[in-house]
Amino acid sequence: MGVEPTHFEVAIVGGGLAGLTLSIQLAKQGRKVILLEKEAYPYHKVCGEYIAMESWGYLESCNIPLSTLNLPQIRTLQLSSPNGNYLTHTLNPGGFGISRFTLDYLLATEAKKMGVVLLEHCKVDEVLFKDGHFWLESKAGKFTADFAFGAYGKRSNLDLKLKRKYTLTKQRGANNYIGVKYHIQIKHAEDLIALHNFEDGYCGISKVDLDRYCLCYLTTAANLKANENSISIMEQRVLHQNPHLKRIWHEANFLYKEPLTISQIRFEPRTQIENHIVLLGDAAGLITPLCGNGMSMAMHAAKLVAELLPDHPKDRAMFEKEYQKAWQQTFGIRIKAGRTFQSLFGSSRVTNTVIATLKTFPPLLKPLISLTHGNKF
Ligand SMILES: Cc1cc2nc3c(=O)[nH]c(=O)nc-3n(C[C@H](O)[C@H](O)[C@H](O)COP(=O)(O)OP(=O)(O)OC[C@H]3O[C@@H](n4cnc5c(N)ncnc54)[C@H](O)[C@@H]3O)c2cc1C
C-alpha cells in the first residue's frame, strides 16, 4: 500500500508576489499552508520593479519593513516618444523601487517564519480536483489540499494542462510580447521613472535597491524576428532610434552578462477560476506594464482571497462566486482601460502624436496616470 500524500488546508502554486503574500496572510490566520515554487530564492525576474504606493501599507502588514530599507521614492514620470520628444509629470503619490531579487526573498523568508511549508525548486506538474479536494503532483511528490490557488504568473505549464481558453488560440503578432531586463548603473535622477517609447514597444528605467537601476522593456516577438532574432541588433536598430535610449545604452554600466528575457507574454482576458482552482496575480489576468501596476494587482488579489476564504470547503461554491465578483469589481475596469491605453502606444507615428498632444494639453495626462494606479488596499 502506498503512503498517503500529506494533506494541507491550502496549497498555493507559484511563489511570486501573489503567492507569497497570500501564504503569509493565510498563515497569520492560523491555516496550514503549502507553497510550491519552481525556482529558489533569491533570483532575478523580468519586471520593471516600480511598485505603486498603493501597496506600501499592505507589504508592511505582511511584515516587510519597507521604511527601514531606504528605498528610492519615485515621484516624477518622464514619457518620451520614439522621436525623442518628451514630457514630465508629477506622480502623486507615485511609487518606490525595489528589486524582485530582494522583495521576493524577503517575503519568502517571512512566509517560512510564519510556518508556511515553502518548497523551492519544486515545479507543480498537475493539479486535479477529485472527491471534493485537490491532488497536486510536484517535483517533491504528491500533496492534497482543501483549497488550491494558482499564483503561477503569466505563463505556466499548468495553463496548458488546464487547457485554458487563451492557450487554445494562436498567438498573433500584436498579442505575443517579449520582456527584456537589465540592472545597470548610470547617472539618472533617483526620483524619476522614465518610459521611453520605440517602434512596437517601450522601455522603463527607474532606481531600485542595491544601488542600481532597473532597465526593462516590452516589445512584440515580431519586432525581434524582424531583427534577425537578435536582442542586440534590435536594440541598436530600433530602441536606439529614441535618443534617450541611445544615451542610456551608451552611458550605462550593464551589470548582467546577458539580459534576462521572457517570451510568449499574452494580454488577452483570462478566467479567475479553472476547475475550482482559484487564480490570482498574472494567472488571473495580465495588465500591460505601461498601463498599470501588475505587482500591486497581484498583491491586492491575494488580499481579496484571504478576506473571503471560508473555514470549510463546503462553502467552496459561495467563495468562488464572491471572489470572481470582487476580482471583476476591483480590476475589471482597470484592465479594460489598460487595453485601450495600450493601443495609443506602439506605432511610432501614433506615439509621437499622442505625446505631442499630451505635451500641449497637460491636463489630459492626469486621468491617464490615475487609471494606471489604484487605491490603497
Ligand atoms: C516587462 C515587464 C515589466 C513589468 N514591470 C512592472 C512594474 O514596473 N511594476 C509592476 O507593478 N508590475 C510590472 N510588471 C508586472 C509584474 O511583473 C507582474 O504583474 C507580477 O510579477 C505578477 O505577480 P505574480 O505573483 O502573479 O506572478 P510572478 O511574480 O510571475 O510569480 C509567479 C511564480 O510562479 C512560479 N511558477 C510558475 N509555474 C509554476 C509551477 N508549475 N510550479 C511551481 N511554481 C511555478 C514562477 O517561478 C514564479 O515565481 C511587469 C511585467 C513585465 C512583463
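The preceding data block contains the structure.
Basis of the calculations
- Along each chain, residues carry numbers from 1 onward, in the same order as the chain's sequence is written.
- Note on the predicted model: pLDDT of at least 70 is required for a residue's local features to be given, and 80 or more for side-chain atom pairs to be given and counted; whole-chain, interface and lining totals, by contrast, use all residues.
- Side-chain calculation: all heavy atoms of the structure are included, whereas hydrogens and water are not.
- Definitions used throughout: a 1 Å grid over protein atoms alone; a cavity as a set of points that fits a 1.4 Å probe which cannot get out; a pocket as an open set with protein on both sides within 12 Å along at least five of seven lines; a lining residue as one with an atom within 4 Å of a point.
- Grid points are joined across faces, edges and corners, and a volume is the space filled by probe spheres set on the points.
- Starting at the N terminus, helices and strands are each numbered in turn, a helix being any DSSP run of H or I of at least four residues and a strand any DSSP run of E of at least two.
- Gly counts as polar in this scheme, as do all residues outside two lists: the nonpolar Ala, Val, Leu, Ile, Met, Phe, Trp, Tyr, Cys and Pro, and the charged Asp, Glu, Lys and Arg.
- We define a salt bridge as a contact between a side-chain nitrogen of Lys or Arg and a carboxyl oxygen of Asp or Glu at a distance within 4 Å.
- Relative accessible area decides the class of each residue, using a 1.4 Å probe on protein chains only: under 20% of the type maximum gives buried, over 50% gives exposed, and in between gives partly exposed.
- Near residues are defined by distance, with any heavy atom within 4 Å of the molecule or strand qualifying the residue.
- Any pair of N or O atoms that falls within 3.5 Å is considered a polar contact. Within protein, one atom must be able to donate a hydrogen and the other to accept it, and sequence-neighbouring residues count only if both atoms are side-chain atoms.
- Each accessible area is a Shrake-Rupley estimate made with a 1.4 Å probe; only the visible protein chains count as cover when residues are assessed.
- Between N-to-C directions, angles span 0 to 180 degrees; the directions come from axes that are lines fitted to C-alpha atoms, helices contributing only their stretch in contact.
- Each angle gets one of four labels, with under 35 degrees taken as roughly parallel, over 145 as roughly antiparallel, 65 to 115 as roughly perpendicular, and the rest as oblique.
- Each crossing gets its handedness from the near helix: less than a right angle anticlockwise from the far helix is left-handed, clockwise is right-handed.
- Two residues qualify as a contact provided that any one of their heavy atoms is within 4.5 Å of a heavy atom in the partner residue.

> Where do I start with the layout of surface pockets in this structure?
Rolled over the atoms, a probe sized like a water molecule indicates the empty space that remains. By volume, the second largest pocket is sized at about 260 Å³. His89, Thr90, Leu91, Asn92, Pro93, Gly94, Lys366, Ile369, Ser370, His373, Gly374 and Asn375 together form the lining of the second largest pocket. At the level of elements, strand S5 (86-97) and helix H12 (365-372) are the ones that each hand at least two residues to the lining of the second largest pocket. Ranked by residues supplied to the lining of the second largest pocket, first place goes to S5 with 6 residues. A per-class count over the lining of the second largest pocket returns 3 nonpolar, 8 polar and 1 charged.

> It is not clear to me how the pattern of salt bridges should be interpreted in this structure. Could you clarify?
Two side chains carrying opposite charge are able to pair once their charged atoms lie near each other. Applying the stated criterion across every chain yields a total of 20 salt bridges. Salt-bridge contacts for Lys113 lead to Glu110; the nearest nitrogen and oxygen are separated by 3.4 Å. Of this pair, Lys113 and Glu110 both sit in helix H3 (residues 100-113), 3 residues apart, which is roughly one turn of the helix. Residue Glu110 is classed as buried on the basis of its relative accessible area, which comes to 7%. With its nearest N and O atoms 3.2 Å apart, the salt bridge here joins Lys154 to Asp282. A residue pair is termed long-range when its members are at least 10 positions apart, and Lys154 in the loop between strand S9 (141-150) and helix H4 (157-161) and Asp282 in the loop between strand S17 (277-279) and helix H9 (294-308) qualify at 128 residues. Connected via shared salt-bridge partners are Asp159, Arg164, Arg270 and Glu274.

> I would appreciate a short explanation of the site of the ligand in the present structure.
Around the ligand sit 36 residues, and of these Glu37, Tyr43, Gly48, Tyr50 and Arg100 come closest. At a separation of 3.1 Å, an oxygen atom of the ligand approaches a polar backbone atom of Leu17. Separating a nitrogen atom of the ligand from a backbone N or O atom of Val124 is a distance of 2.9 Å. For the ligand, whose unbound accessible area comes to 1000 Å², protein coverage reaches 94%. Put simply, the parts of the chain that give the shell around the ligand at least two residues each are helix H1 (17-28) and H9.

> Please explain the packing of H1 against H3 as it appears in this structure.
Between H1 and H3, whose axes approach to 9 Å, the crossing angle comes to 25°. As summarised for this structure, H1 and H3 are arranged roughly parallel, according to the angle between their axes. Regarding H1 and H3, the two cross each other, and that crossing is left-handed. Counting all contacts with H1, which are made through Leu17, Leu20, Thr21, Ser23 and Ile24, the residues of H3 involved are Arg100, Leu103, Asp104, Leu107, Ala108, Glu110 and Ala111. Along the lines of polarity and charge, the residues of the contact of H1 with H3 split into 7 nonpolar, 2 polar and 3 charged.

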